[in-house]
Structure formats: C-alpha cells, structure tokens
Amino acid sequence: MTAFPKLCAAAGRLPLDPDAALCDADIVRIACSDCPFYKEGEDEELECGAFRLLRHLLRTKVLTVRAVLDAVRPGDDG
C-alpha cells in the first residue's frame, strides 16, 4: 500500500506534460490530498509552507508531476 493513496488515485487528473500549466487545484491534489491537516472545503485559501514550496518547485520546473508520481507509486522506496 502506498503512503499517498489520494495522490495516486488523482494521478489521472494531473497534467504530466512538463510544459502544461499547473493550477492551484492540481497542486492541492499533489501536496494536500493526503495531508492529515487538510480538510477539503475548509480554509482552502490558507497555504502552508509545504504547499508554497512544492508549487514553486513545480512551476519553475525544478520538479515535475511525473517525478512526484514516480516517487510515490507502490513498489518504490519512497
């Protein structure tokens, strides 16, 4: 079992093309969906440091959606 089941379930809705624009909803699926502090529909205008860092890394293409998904898929050591 993966440590990020909600992220893995949402993988099909995430843009894998590194040139695709990422909206905040995509980044929420990546960064927040499996966070124990995240409550969908509550305080979504608040951004934690992890969200802000991940958004910056993804939007500046230091990190890709595909790399994140590859790191959390079952069978990986992540």
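Residues numbered from 1 in each chain as written. Predicted model: local features only at pLDDT ≥ 70, side-chain atom pairs only at ≥ 80, totals over all residues. Heavy atoms only, no water.

## What about the nonpolar core?
Thought 1: Judged by nonpolar contacts, the single largest core of 14 residues is most densely connected at Leu-7, Leu-14, Ile-30, Leu-58, Val-65 and Leu-69.
Thought 2: Breaking this core down by element, the ones donating at least two residues are α2 (24–31), α3 (49–59) and α4 (65–72).
Thought 3: The biggest single contributor to this core is α4, with four residues.
Thought 4: Beyond its immediate chain neighbours, meaning those up to four positions away, Leu-69 contacts Leu-7, Ala-11, Leu-14 and Leu-16. (Core = buried A, V, L, I, M, F, W, Y, C linked by side-chain atoms within 4.5 Å. Buried < 20%, exposed > 50% of the residue type's maximum accessible area, 1.4 Å probe, protein only. Helix = DSSP H or I, 4+ residues; strand = E, 2+ residues; numbered from the N terminus. Contact = heavy atoms within 4.5 Å.)

## Some details on a negative patch on the surface
Thought 1: There is a patch of like negative charges on the surface, built from Glu-40, Glu-42, Asp-43, Glu-44 and Glu-45.
Thought 2: Taking relative accessible area as the criterion, Glu-45 reaches 63% and is therefore assigned exposed. (Patch = residues over 30% accessible without salt bridge, like charges linked within 9 Å, V, L, I, M, F, W, Y side chains within 5 Å. Areas by Shrake-Rupley, 256 points an atom, 1.4 Å probe, with all protein chains shown as cover. Salt bridge = Lys/Arg side-chain N within 4 Å of Asp/Glu carboxyl O. Lys, Arg positive; Asp, Glu negative; His and termini not counted. Charge placed at Lys NZ, Arg CZ, Asp CG, Glu CD.)

## Section: unusual backbone geometry
Thought 1: Phi is positive for Lys-61, close to 65 degrees, though the residue is something other than glycine.
Thought 2: Note on placement: Lys-61 falls in the loop between α3 and α4.

## Details of the confidence of the model for the protein
Thought 1: Of the residues in the protein, 92% have a pLDDT of 70 or more, and the chain-wide mean is 87.
Thought 2: Confidence, expressed as mean pLDDT per element, reaches its minimum in the protein at α2 with 89 and its maximum at α4 with 93. (pLDDT = per-residue confidence, 0-100.)

## A look at the pattern of salt bridges
Thought 1: Counted under the stated rule, the structure contains four salt bridges.
Thought 2: Close ionic contact of Glu-47 with Arg-55 constitutes a salt bridge, the shortest N to O distance being 3.0 Å.
Thought 3: By relative accessible area, Glu-47 is classed as partly exposed at 37%.
Thought 4: By relative accessible area, which is 16% here, Arg-55 ends up buried.
Thought 5: Several salt bridges converge on common partners, so that one network encompasses Asp-24, Glu-47, Arg-55 and Arg-59.

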